[in-house]
Amino acid sequence: MNSKNELSFENLLQDVVNKNLCNRCGGCVSFCSANSIDALKIGKEGFPEYKDKDKCLECGICYLICPKTRNLEEELKSHYDWKYPLGHWIDIFSARSTDEEVLNVATDGGVVTSILIYLLENKIIDGAIVSKRTGTHGRMPIIAKTRSDLIDAAGSSFAETHHLDELGNIYSTSFPIIKVIKESASDSMKKLAIVGTACQIEAIRKMQLLNIVPSNLIIFAIGLFCMQCFTIEDLSKKNFAKTHKIDLDNIEKVNIKDNLILKMKSNVSFHIPLEEIEEIARPACLACNDFSNEFADISVGGVGSQDGYTTVMIRTSLGKQVYAEALYHDYVKNSHGSYHHSREVNEKHLLDIIKDFAIRKKIRSEKRINSMNN
Ligand SMILES: Cc1cc2nc3c(=O)[nH]c(=O)nc-3n(C[C@H](O)[C@H](O)[C@H](O)COP(=O)(O)OP(=O)(O)OC[C@H]3O[C@@H](n4cnc5c(N)ncnc54)[C@H](O)[C@@H]3O)c2cc1C
Ligand code: SF4
Ligand code: SF4
Ligand code: SF4
């Protein structure tokens, strides 16, 4: 295969990992280990590395499926009927869960958790790959198999903890969520949904284009809007907290909409412009050009919607069908938002704001990549 692709993990190290562009999605390791080739492992700090270099077949697939390489980009865009600057989309609106238990723990309107509960309760999926809060280590990827697993994984409320460590990974995608797909194969789970940032969903979609395991297990992808990931620890290290006079120990909830929102235990909220936290973004995020998760079935975020609602972009016909069923069976409900009165005006408001973020992110990425090449 190497004669065809002339690529291997060495190239991935050279073009992505060593250039600080790896966002630790785990896609490369997931493919290599699911196929029992087992040449790679997730190493220290979550970056991929050789487990056994002699086992490498130099097939180049780890390189092709990496969200930070461009070889499959045109094919991917054509497959998903991609258009600048938001990719393909069918519908856009604000919505929320109808389930009080979900609303109490959700980041925004709990739409993600409620759609997953619908899929699980109706046996459309066997499980969902989400990221679960853990007692002392922030978050870790899990395959949720029950409603209660999903509720445990929802949102980002940390009211019971005082430690920065526990807040540490809230907005970090540095855990290899894709890696856990592999575990499901041996668990007789054959139909999975995944929730992920654009880098994670893109790795899955590239694997699906190549028709390779373990991406065949993923039947539904919910993509989160994402300007950047960071950890609360990063905030404190950069003296950011001092500048803004924020006591990081007293943060109750973190959210990103058009600003970073830190809700304190005292009920006071700080709204910090995203440009101000760019300095703590991962290098991989500064080079990333996808805000709205252009290859998901449904993309979601908080931006543009009133508090307690999720902004929903339906992208694929499957996304449309699943959302319509969840709506019909009363798992979620739509809203025109509090800003405007008609659906059309709300749609335009949401589109304008998402386009603005999407274009800003594409320009930032271009600048970053140009500066790296000069
Ligand atoms: C790193 C990151 C950056 C984001 N940036 C923005 C932004 O700039 N603008 C914006 O409008 N929205 C952003 N969002 C999305 C927003 O915070 C909400 O996740 C989204 O609106 C869905 O809300 P919900 O209440 O419907 O989700 P919920 O019902 O609360 O479910 C959230 C789901 O996301 C999963 N999850 C949480 N963290 C991660 C993670 N790091 N990686 C993968 N899955 C995860 C949870 O397991 C859960 O299944 C970001 C999310 C993340 C994780
Ligand atoms: S066997 Fe293929 S996928 Fe695995 S490390 Fe080597 S080139 Fe990458
Ligand atoms: S971004 Fe993902 S696929 Fe690319 S090198 Fe890093 S872990 Fe591997
Ligand atoms: S900014 Fe891009 S690379 Fe960074 S976590 Fe978000 S989608 Fe991934």
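Since we're looking at a predicted model, the values are computed, not measured. (Residues numbered from 1 in each chain as written. Chains lettered and ligands numbered in written order. Predicted model: local features only at pLDDT ≥ 70, side-chain atom pairs only at ≥ 80, totals over all residues. Heavy atoms only, no water.)

### A few points about the overall build of the protein
- When helices and strands are counted, the protein shows 16 helices and 13 strands.
- Expressed as a percentage of the 374 residues in the protein, the buried residues total 55%.
- Carbon and sulfur atoms make up 48% of the accessible area of the protein, which amounts to about 16,600 Å² in all. (Helix = DSSP H or I, 4+ residues; strand = E, 2+ residues; numbered from the N terminus. Buried < 20%, exposed > 50% of the residue type's maximum accessible area, 1.4 Å probe, protein only. Areas by Shrake-Rupley, 256 points an atom, 1.4 Å probe, with all protein chains shown as cover.)

### Overview of the sheet that holds strand β9 (residues 259-264)
- Pairing in this open sheet of three strands is antiparallel, and the strands run β8-β9-β10 from one edge to the other. Of all the strands in the sheet, just β8 (251-256) and β10 (269-273) have a single pairing partner and so form its edges. Mean inter-strand twist for the sheet, computed between neighbouring axes without regard to direction, equals 15 degrees.
- Sheet topology note: the β9/β10 ladder contains five bridges and is antiparallel. Counted as the bridge partner of Leu262 is Phe270 from β10. (Pairing = 2+ DSSP bridges. Axes fitted to C-alpha atoms, helices over the stretch in contact; angles between N-to-C directions.)

### Looking at helix α16 (residues 343-373)
- The first and last C-alpha atoms of α16 sit 45 Å apart over 31 residues, in line with the 45 Å expected at 1.5 Å per residue.
- For α16, the complete set of buried residues consists of Asn346, Leu350, Leu351, Ile353, Ile354, Phe357, Ala358, Lys361, Lys362, Arg364 and Ser365.
- The elements touched by buried residues of α16 are β3 (91-97), α14 (283-286), β12 (310-314) and β13 (332-335). (Expected span 1.5 Å × (residues − 1). Contact = heavy atoms within 4.5 Å.)

### Some words on the site of ligand 2
- Around ligand 2, a shell composed of Ser8, Phe9, Phe31, Cys32, Ile37, Leu40, Cys56, Leu57, Glu58, Cys59, Gly60 and Cys62 is seen.
- Tallied by class, residues from the shell around ligand 2 come to nine nonpolar, two polar and one charged. (Near = heavy atom within 4 Å. Nonpolar A, V, L, I, M, F, W, Y, C, P; charged D, E, K, R; others polar.)

### Notes on the site of ligand 1
- Taken together, 35 residues lie around ligand 1, and Asp108, Gly110, Thr113, Gly155 and Gly302 are the ones closest in.
- Interatomic distance of 3.1 Å between a backbone N/O atom of Gly301 and an oxygen atom of ligand 1.
- Here Gly302 contributes a backbone N or O atom positioned 2.8 Å from an oxygen atom of ligand 1.
- Ranked by the residues each element gives to the shell around ligand 1, the list is headed by helix α7 (residues 111-121), at three residues.
- When its residues are assigned to classes, the shell around ligand 1 shows 18 nonpolar, 14 polar and three charged. (Polar contact = N/O pair within 3.5 Å; in protein donor to acceptor, adjacent residues only side chain to side chain.)

### Things to note about the environment of Tyr80
- Secondary-structure assignment places Tyr80 in the loop between α5 (73-79) and β3.
- The exposure class assigned to Tyr80 is buried, which follows from its relative accessible area of 17%.
- Non-local contacts of Tyr80, meaning those with residues more than four positions away in its chain, are made with His88, Arg205, Gln208 and Phe295.
- At 3.0 Å, the side chain of Tyr80 forms a polar contact with the side chain of Arg205.

### Some thoughts on the pattern of salt bridges
- Using the criterion set out here, one finds 19 salt bridges in the structure.
- In this structure, the salt-bridge partner of Arg343 is Asp91, at a minimum N-O distance of 2.6 Å. One end of the pair, Arg343, is in helix α16; the other, Asp91, is in strand β3, and 252 residues separate them in sequence.
- For Arg360, the salt bridge is made with Glu275, and the minimal N-O distance between the two is 2.6 Å. Taken as a pair, Arg360 in helix α16 and Glu275 in the loop between β10 and α14 lie far apart in primary sequence, 85 residues in all. (Salt bridge = Lys/Arg side-chain N within 4 Å of Asp/Glu carboxyl O.)

### Describing the packing of aromatic side chains
- In the structure shown here, the tally under the stated rule is six aromatic pairs.
- Judged by centre distance (5.7 Å) and plane angle (65 degrees), the rings of Tyr80 and Phe295 are edge-to-face. Note that Tyr80 is positioned in the loop between α5 and β3 and Phe295 in the loop between α14 and β11 (298-301), a separation of 215 residues in sequence.
- On the accessibility criterion, Phe295 (5% relative accessible area) is buried.
- Ring centres of Phe291 and Phe357 lie 5.2 Å apart, and the angle between their planes is 20 degrees; this geometry places the pair in the stacked category. One end of the pair, Phe291, is in the loop between α14 and β11; the other, Phe357, is in helix α16, with 66 residues separating them in the sequence. Assigned by exposure class, Phe291 and Phe357 land together as buried. (Phe/Tyr/Trp six-rings, centres within 6.5 Å; stacked < 30°, edge-to-face > 60°.)

### Side note on the side chain of Lys206
- Take Lys206: it is sitting in helix α11 (residues 198-209).
- Those residues in contact with Lys206, other than ones at most four positions away along the chain, are Leu64, Ile65, Cys66, Pro67, Thr69, Leu72 and Leu76.

### Some details on the packing of α7 against helix α15 (residues 317-328)
- For the pair α7 and α15, interaxial distance at closest approach is 10 Å and the crossing angle is 90 degrees. Classified by the interaxial angle, the pair formed by α7 and α15 is roughly perpendicular. Counting all contacts with α7, which are made through Val111, Ile115, Tyr118 and Leu119, the residues of α15 involved are Val322, Tyr323, Glu325 and Ala326.
- Taken together, the residues that form the contact of α7 with α15 break down as seven nonpolar, no polar and one charged. (Parallel < 35°, antiparallel > 145°, perpendicular 65-115°, else oblique.)

### Some points on helix α3 (residues 27-34)
- Most of α3 sits out of view: seven of its eight residues are buried.
- Residues of α3 that are buried: Gly27, Cys28, Val29, Ser30, Phe31, Cys32 and Ser33.

### Details of the confidence of the model for the protein
- Residues of the protein with pLDDT of at least 70 account for 86%, and the chain-wide mean is 85.
- Every residue in residues 157-175 is under pLDDT 50, and counting partners more than four places away or in other chains gives 63 contacts. (pLDDT = per-residue confidence, 0-100.)

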